[in-house]
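Letter by letter, the chains look like this.
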Amino acid sequence: MVFSNLFFIYLFLPLNLFLYFIIKNRTWKNVVLLAFSLFFYAWGEPVWVFMLMLTAFLDYMWARCIEYFRSSGQNTRAKIALSASLIFDLGMLVVFKYSGFLIENLNAATGLSLPIPKIALPIGISFYTFQTISYVLDVYRGQVSAQKRYYKYLMYLSSYHQLVAGPIVRYSDVAGEIENRTTTVEDFSEGLTKFCIGLSKKVLVSNVAGKLVTQYMDAPLQSLSVAGAWFGVLLYSLQLYYDFSAYSDMAIGLGRIFGFHYHKNFDYPYLSKSVTEFWRRWHISLGSFFRDYVYIPLGGNRKHQIFNICVVWFLTGLWHGASWNFILWGMFYGILLIVEKIGLLKILEKIPAVFSRCYLLFLTLIGWTIFYTTDMGRLGGYFKVMFGLSGNPLTDPQLSIEFVNNIFWLIAVIVFCAPITQKVKGWLAQQESDAKKALIGLATAAMNLILLFLCTSMLVGQSYNPFLYFRF
């Protein structure tokens, strides 16, 4: 099940809201949310929901053991429990996500013919694995107390708001709200608006861009023009941003409706003036996970910084998928970050912003080309077309038609990569009179209804509606 689905919007969510808010007992509210979350996951993963429950149970128990051992001075046993948790969690991730990739490359390197396992990838395993790892590590570090109730921990891990595609919500950020939370009128209103905006980004932008992307990035290389190659990856960069940020917006909005306050996950990354800044703004929860649980423990900026960056970005690339293009993509950004830290960043800070932003956008398009193309041979051919090295024409008539037909949509989509909605929200927050606030409330409600109507109209009969991060 996905958020941009008519069943979810008009049946699942309203029923969940009705049962949740009609119940006054806090314990039963959590039970209702847990039940709907497990149903949400089981809708598409009827078997793997039990693995999710097993993972939650084992890490719940290991965290309890770690807390007990640490409090009684049995540090060796605490480390054993931590190791058991990490081995299981990372082991499951390797088995389900990387076993086929590893055996395939082993066969290629050694000439063996080992059978390559065909294991279905449980949706969201990369996200909930990182969440449960962060929880156990935080308990080991003494930064949070271990949850005493299994069903509450399972609710945290399986909460459908962020289960299958993030953001990666840390237990420490919501521990208090698991135990005691309320939903104000403001929470409900802002959460609903956030959800509707995210839904619109997904349906009205990402899905539309996705249909156009395949016309260029999957086109035969011999028929692709130079401008068409660039146009394709530009559309893909917009599709990625609007798809990923849309899911985060909807997750954050849904969480807010139920009284959870998740941190923002995207902060207008295409306005960045360096690769370093870009990765502080793009998928913030993933970047902060690698920073706090890999980069800093390795030594961070204090020692072996270049090595630490390489490790983090190798793992970042590998996390996105079991394919060499993702590893190449990760190392591409790792090298750029190292170059910036060595001295380029100081230069970028001194030159006019327009040049540093062009530098960032150019490299981002190169990076997304690597990210998209899993076939290394095609990737090299696509780059040849992009840079005019293949003898392909500069442009083509079909591109001109597509560009003219979508010019106003494209301009609007690019403009809204800037914080226009944030500025409008800031201005609205400054309005103090009750009359203005009431008018603003009516306008917001009308906007939500219009967006919901437009999205519903687009979703009826629409066959292309995947979230890109489901594959990770």
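Residues numbered from 1 in each chain as written. Predicted model: local features only at pLDDT ≥ 70, side-chain atom pairs only at ≥ 80, totals over all residues. Heavy atoms only, no water.

## Observations concerning the overall build of the chain
Right, on to step 1. From N to C terminus, the chain includes 18 helices and 0 strands.
Right, on to step 2. For a compact globule of 472 residues, the expected C-alpha radius of gyration is about 23 Å, and the chain comes in at 24 Å, within 12% of that figure.
Right, on to step 3. C-alpha extents for the chain along the principal axes are approximately 70 × 70 × 50 Å.
Right, on to step 4. For the chain, the proportion of its 472 residues judged to be buried stands at 51%.
Right, on to step 5. Counted over contacts in the chain with a minimum sequence separation of 6, partners at least 24 positions apart contribute 77%.
Right, on to step 6. Split by element, the accessible area of the chain, about 22,000 Å² in all, is 68% carbon and sulfur.
Right, on to step 7. Here the chain contributes 38 positive and 25 negative side-chain charges, whose respective centroids are spaced 5 Å apart. (Helix = DSSP H or I, 4+ residues; strand = E, 2+ residues; numbered from the N terminus. Rg over C-alpha atoms; globule rule 2.2 N^0.38 Å. Buried < 20%, exposed > 50% of the residue type's maximum accessible area, 1.4 Å probe, protein only. Contact = heavy atoms within 4.5 Å. Areas by Shrake-Rupley, 256 points an atom, 1.4 Å probe, with all protein chains shown as cover. Lys, Arg positive; Asp, Glu negative; His and termini not counted. Charge placed at Lys NZ, Arg CZ, Asp CG, Glu CD.)

## Examining the packing of helix H2 (residues 26-44) against helix H6 (residues 150-158)
Right, on to step 1. Between H2 and H6, the shortest axis-to-axis distance is 9 Å and the interhelical angle comes to 45°. As judged from the angle between their axes, H2 and H6 are oblique. Relative to H6, H2 is oriented so that their crossing is left-handed. When H2 is examined against H6, the residues Thr-27, Asn-30, Val-31, Leu-33, Leu-34, Ser-37 and Leu-38 are found in contact with a partner set consisting of Tyr-151, Lys-152, Leu-154, Met-155 and Ser-158.
Right, on to step 2. Across the contact of H2 with H6, the residue classes break down as 7 nonpolar, 4 polar and 1 charged. (Axes fitted to C-alpha atoms, helices over the stretch in contact; angles between N-to-C directions. Parallel < 35°, antiparallel > 145°, perpendicular 65-115°, else oblique. Left-handed = near helix turned anticlockwise from the far one by under 90°. Nonpolar A, V, L, I, M, F, W, Y, C, P; charged D, E, K, R; others polar.)

## Focus on the side chain of Ser-225
Right, on to step 1. Within the secondary structure layout, Ser-225 lies in the loop between helix H8 (185-217) and helix H9 (226-257).
Right, on to step 2. If we skip the residues at most four places from it in the chain, Ser-225 touches Val-385, Pro-393, Leu-394, Thr-395, Asp-396 and Leu-399.

## Quick look at the environment of Ala-108
Right, on to step 1. Locating Ala-108 in the fold gives a position in helix H4 (residues 75-110).
Right, on to step 2. Distance in space between the C-alpha atoms of Ala-108 and Asn-25 is 59 Å, their sequence separation being 83 residues.

## Re the nonpolar core
Right, on to step 1. Ranked by internal contacts, the top residues of the largest apolar core, which has 139 residues, are Phe-3, Phe-8, Tyr-160, Val-275, Trp-282 and Trp-368.
Right, on to step 2. For this core, the element with the most residues is H9, which contributes 17 residues.
Right, on to step 3. Apart from residues no more than four positions distant in its own chain, Phe-8 is found in contact with Met-1, Val-2, Phe-3, Leu-13, Pro-14, Phe-40, Tyr-160, Phe-195 and Leu-254. (Core = buried A, V, L, I, M, F, W, Y, C linked by side-chain atoms within 4.5 Å.)

## Structural notes on the pattern of salt bridges
Right, on to step 1. On inspection of all chains with the given rule, the structure shows 11 salt bridges.
Right, on to step 2. Arg-170 is the salt-bridge partner of Asp-292, the closest N and O atoms lying 2.8 Å from each other. Of this pair, Asp-292 sits in helix H11 (residues 284-298) while Arg-170 is found in the loop between H6 and helix H7 (171-179), placing the two residues 122 residues apart along the sequence.
Right, on to step 3. When the shortest N-O distance is used, the salt bridge between Lys-264 and Asp-267 registers 3.4 Å. (Salt bridge = Lys/Arg side-chain N within 4 Å of Asp/Glu carboxyl O.)

## With respect to helix H5 (residues 125-141)
Right, on to step 1. For H5, which comprises 17 residues, the first-to-last C-alpha distance of 24 Å matches the rise-based estimate of 24 Å (1.5 Å per residue) to within 8%.
Right, on to step 2. In terms of burial, H5 is a largely internal element, 16 of the 17 residues being buried.
Right, on to step 3. Downstream of H5 by one or two residues, Gly-142 has phi in the positive range, about 80°. (Expected span 1.5 Å × (residues − 1).)

## Quick word on the environment of Met-458
Right, on to step 1. By secondary structure assignment, the location of Met-458 is in helix H18 (residues 434-459).
Right, on to step 2. A sequence separation of 246 residues divides Met-458 from Leu-212, and the C-alpha atoms of the two residues are 16 Å apart.
Right, on to step 3. Filtering out sequence-adjacent residues up to four positions away, Met-458 remains in contact with Val-203, Leu-204 and Val-208.

## Notes on unusual backbone geometry
Right, on to step 1. A positive phi is found at His-283, a non-glycine position, where the angle reads about 45°.
Right, on to step 2. Within the secondary structure, His-283 is located in the loop between helix H10 (275-281) and H11.
Right, on to step 3. Relative accessible area serves as the criterion here: at 2%, His-283 is assigned to the buried category.
Right, on to step 4. Even without being a glycine, His-304 presents a positive backbone phi close to 55°.
Right, on to step 5. With respect to the helices and strands, the residue His-304 is situated in the loop between H11 and helix H12 (305-320).
Right, on to step 6. Judged by relative accessible area, His-304 falls into the exposed class, the value being 56%.

## Here's the deal with the environment of Asp-292
Right, on to step 1. Given the relative accessible area of 17%, Asp-292 is considered buried.
Right, on to step 2. Look past the residues within four positions of Asp-292 in its chain and what remains in contact with it is Arg-141, Arg-170 and Pro-297.
Right, on to step 3. In this structure the side chain of Asp-292 is engaged in a polar contact, spanning 2.8 Å, whose partner is the side chain of Arg-170. (Polar contact = N/O pair within 3.5 Å; in protein donor to acceptor, adjacent residues only side chain to side chain.)

Read these as spatial facts, not as claims about activity.
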